[in-house]
Amino acid sequence: QTKAGIWMLFSFIALLLYGFYSASQKIIAGKLTIGWSYLSFLISACLVSVGFIISGLVDFHFTGKTFWCGSAAGFLDGLGVLAIFSAYHAGGKASKVSTIASALQQVFTVFMAIIILRERIDLNILCGISMAICGSYLLSVEKKKNSEII
């Protein structure tokens, strides 16, 4: 396979895993406190990390800057997961929370890539951003009950 085929395969695997992850978060949020939900996330992440280390998939040769950037990214990811658990625990519907947290995250990522990494924006990117925003809105709109329609 080409490199494009490999990254696309991993992207679809991530899509499936994040889909199951979001659904399970909503289920767990109704049964556990935010703290226990987050602790279960951390324990699971540690177990996966140990699996990667044991299988030799972790390269420990990196700079201090890489370590601190990775640590900051992990810290921010942890805060994001905690915020999602909080949103579910506060009664947020999975369709809305997941849409805002994941679909619009990609739009934010594109804007950050443009600002920080100096990536170029073109018509395709603008169309994609517009479609993502519209799609997120349409997925999160509440339908009115028949009794509310005049």
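Above this text is the structure in question.
Structure report, in brief. Quantities reported herein were computed from a predicted structural model and do not represent experimental measurements.

Turning next to helix α5 (residues 123-140). The terminal C-alpha atoms of α5, which comprises 18 residues, lie 26 Å apart, in line with the 26 Å expected from a rise of 1.5 Å per residue. When we look at burial in α5, the residues that qualify are Ile129, Ser136 and Ser140. Taken down its axis, α5 places every buried residue within 35° of arc, on the same side. Turned more than 90 degrees away from the buried face of α5 sit Leu123, Asn124, Met131 and Leu138, all of them exposed. Summarising the contacts, the buried residues of α5 are in contact with α4 (94-116).

Per the stated rule, a full pass over the model turns up 5 aromatic pairs. Considering the side-chain rings of Tyr21 and Phe41, the 6.2 Å spacing of their centres and the 45° angle between planes classify their relative orientation as tilted. Of the two residues, Tyr21 sits in helix α1 (residues 3-29) while Phe41 sits in helix α2 (residues 34-54), which places them 20 residues apart along the sequence. Arranged with centres 6.4 Å apart and planes meeting at 5°, the rings of Phe62 and Phe67 form a pair that is stacked.

Here the focus is a nonpolar patch on the surface. On the surface, Val48, Phe52, Ile53, Leu57, Val58, Phe60, Phe62, Phe67 and Trp68 cluster together into a nonpolar patch covering about 950 Å² of accessible area. Looking at the nonpolar patch, the elements that each hand over two or more residues are α2 and α3 (64-89). Examining the composition of the nonpolar patch, we find that 3 residues originate from one element, α2, more than from any other.

A few words now on the packing of α2 against α3. At their nearest, the axes of α2 and α3 sit 10 Å apart, and the two run at 140° to each other. Judged on the interaxial angle alone, α3 and α2 are oblique. The hand of the α2/α3 crossing is right-handed. Here α2 contributes Ile34, Ser37, Tyr38 and Phe41 to the contact with α3, which in turn contributes Asp77, Gly78, Leu79, Val81, Leu82, Phe85, Ser86 and His89. Of the residues contributing to the contact of α2 with α3, the split by class is 7 nonpolar, 4 polar and 1 charged.

Across all of its chains, the model carries 0 disulfides by this definition. Left without a disulfide partner, Cys127 is nearest to the cysteine sulfur of Cys134, which lies 11 Å away. Residue class for Cys127 comes out partly exposed when judged on its relative accessible area of 38%.

With that out of the way, let us pick up unusual backbone geometry. The phi angle at Arg118 is positive, at roughly 60°, despite the residue not being glycine. Tracing the sequence through the fold places Arg118 in the loop between α4 and α5. Here Arg118 falls in the exposed class, since its relative accessible area comes to 68%.

Rules and cut-offs
- Residues numbered from 1 in each chain as written.
- Predicted model: local features only at pLDDT ≥ 70, side-chain atom pairs only at ≥ 80, totals over all residues.
- Heavy atoms only, no water.
- Helix = DSSP H or I, 4+ residues; strand = E, 2+ residues; numbered from the N terminus.
- Expected span 1.5 Å × (residues − 1).
- Buried < 20%, exposed > 50% of the residue type's maximum accessible area, 1.4 Å probe, protein only.
- Arc of directions from axis to C-beta.
- Contact = heavy atoms within 4.5 Å.
- Phe/Tyr/Trp six-rings, centres within 6.5 Å; stacked < 30°, edge-to-face > 60°.
- Patch = residues over 30% accessible without salt bridge, like charges linked within 9 Å, V, L, I, M, F, W, Y side chains within 5 Å.
- Areas by Shrake-Rupley, 256 points an atom, 1.4 Å probe, with all protein chains shown as cover.
- Salt bridge = Lys/Arg side-chain N within 4 Å of Asp/Glu carboxyl O.
- Axes fitted to C-alpha atoms, helices over the stretch in contact; angles between N-to-C directions.
- Parallel < 35°, antiparallel > 145°, perpendicular 65-115°, else oblique.
- Left-handed = near helix turned anticlockwise from the far one by under 90°.
- Nonpolar A, V, L, I, M, F, W, Y, C, P; charged D, E, K, R; others polar.
- Disulfide = S-S within 2.5 Å.

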